[in-house]
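Below are the chains, spelled out letter by letter.
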Amino acid sequence: MRYAMAIDTKKCVGCSDCVVACQTENDVPIGYCRDWVVEVMDGTYPQLEMELRSERCNHCENSPCVRCCPTGASHYSEGGTVLVTKNECIGCSACITSCPYDARFVHPEGYVDKCTFCLHRVKNGMQPACVAVCPTKCMYFGDLDDPRSEVSEILKKRKYKTLIPEAGTKPHLYFLI
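Residues numbered from 1 in each chain as written. Predicted model: local features only at pLDDT ≥ 70, side-chain atom pairs only at ≥ 80, totals over all residues. Heavy atoms only, no water.

Caption draft 1: Representation of the packing of aromatic side chains within the structure. Overall, the coordinates contain four aromatic pairs when judged by the stated rule. On the basis of an interplanar angle of 25° and a centroid distance of 5.3 Å, the ring pair of Tyr 3 and Phe 141 is categorised as stacked. Note that Tyr 3 is positioned in strand β1 (residues 3-8) and Phe 141 in strand β8 (residues 139-143), a separation of 138 residues in sequence. In this structure Tyr 3 comes out as buried when scored by relative accessible area, which is 9%. Using a relative accessible area of 6% as the deciding quantity, one classes Phe 141 as buried. For the pair Phe 117 and Phe 141, a centre-to-centre distance of 5.2 Å together with 75° between the ring planes defines the contact as edge-to-face. Taken as a pair, Phe 117 in the loop between β7 (112-113) and α4 (119-122) and Phe 141 in strand β8 lie far apart in primary sequence, 24 residues in all. Here Phe 117 falls in the buried class, since its relative accessible area comes to 1%. (Phe/Tyr/Trp six-rings, centres within 6.5 Å; stacked < 30°, edge-to-face > 60°. Helix = DSSP H or I, 4+ residues; strand = E, 2+ residues; numbered from the N terminus. Buried < 20%, exposed > 50% of the residue type's maximum accessible area, 1.4 Å probe, protein only.)

Caption draft 2: Spotlight on unusual backbone geometry. Residues Tyr 45 and Pro 46 are joined by a peptide bond in cis, for which omega reads 5°. Position of Pro 46 relative to the elements: it lies in the loop between β2 (35-44) and β3 (47-56). Phi is positive for Phe 117, which is not a glycine, with a value near 55°. Positive phi, close to 50°, is recorded for Ile 164, a residue that is not glycine. Mapped onto the elements of the fold, Ile 164 is located in the loop between β9 (160-161) and β10 (173-176).

Caption draft 3: Geometry of the pairing of β1. Of all six residues in β1, six are buried, a share of seventy percent or more. In the sheet, β1 pairs with β8 via five bridges, with the strands oriented antiparallel. In the strand pairing of β8, Ala 6 is matched with Tyr 140. (Pairing = 2+ DSSP bridges.)

Caption draft 4: View of the layout of surface pockets. The space that makes up the largest pocket amounts to roughly 310 Å³. As for the largest pocket, its lining consists of 17 residues, of which Arg 34, Val 84, Lys 86, Asp 113 and Thr 116 are closest to the centre. Empty space within the second largest pocket amounts to approximately 200 Å³. Listing elements by their share of the lining of the second largest pocket, those giving two or more residues are β2 and β3. The element best represented in the lining of the second largest pocket is β3, accounting for four residues. (1 Å grid on protein atoms, 1.4 Å probe; cavity = no way out; pocket = protein on both sides within 12 Å on 5 of 7 lines; lining within 4 Å. Points joined across faces, edges and corners; volume = space filled by probe spheres on them.)

Caption draft 5: Region of the structure containing the sheet that holds β8. A sheet is described by the order of its strands in space; here four strands give the open sequence β8-β1-β10-β9, paired in mixed fashion. Among the strands making up the open sheet, the edge pair consists of β8 and β9. In the sheet, β9 pairs with β10 via two bridges, with the strands oriented antiparallel. Each bridged residue has a counterpart across the sheet, and for Tyr 160 the counterpart in β10 is Leu 176. Those strands touched by helix α6 (residues 150-157) are β1, β8, β9 and β10, and its axis lies near 115° from that of β8. (Contact = heavy atoms within 4.5 Å. Axes fitted to C-alpha atoms, helices over the stretch in contact; angles between N-to-C directions.)

Caption draft 6: Just the nonpolar core, in detail. With 28 residues, the main nonpolar core has Met 5, Ile 7, Met 139 and Phe 141 as its most contacted residues. For this core, the secondary-structure elements that each account for two or more residues are β1, α1 (17-25), β2, α4, α5 (129-133), β8 and β10. With three residues, β1 is the largest single contributor of residues to this core. Other than its neighbours up to four places away in sequence, Met 5 contacts Arg 56, Phe 117, Pro 128, Cys 130, Val 131, Met 139, Tyr 140, Phe 141, Val 151, His 172, Leu 173 and Tyr 174. (Core = buried A, V, L, I, M, F, W, Y, C linked by side-chain atoms within 4.5 Å.)

Given below as structure tokens:
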């Protein structure tokens, strides 16, 4: 099993409902976030294009954050999800420095925090909170090894990209373009 998420950049309206749902579901402290919305402008006037992306941890297959963690707190879990065991984390920030996606932060309690793909919900047959609340249904989640999963189906049909492919991390966060 390999969990992944795809975000449809043509459907995302940048409302940040995903951000609020994540903060609420995971008790993320005020002023911090595990996911965020990015607005990217490309081109020159008058030929401008705008892309909205809901970004988070990419749950990479080749995660530098897992490799560099001195305690093993950053690790692979079910479905290849990258997690942090907070009581094993010493807050050294090595994983924050190694992440090319800037997807981690030091929680006020001293451990590193990040997106978990809401694995606690997924194990109970639910979608991650961000996917469940998206008003435009621009987010797709599932198992890449299941050809009938929602994320597998959409990746077969649509053109997509990953961020910073040259980093060699093999991210499991895809952006439909």
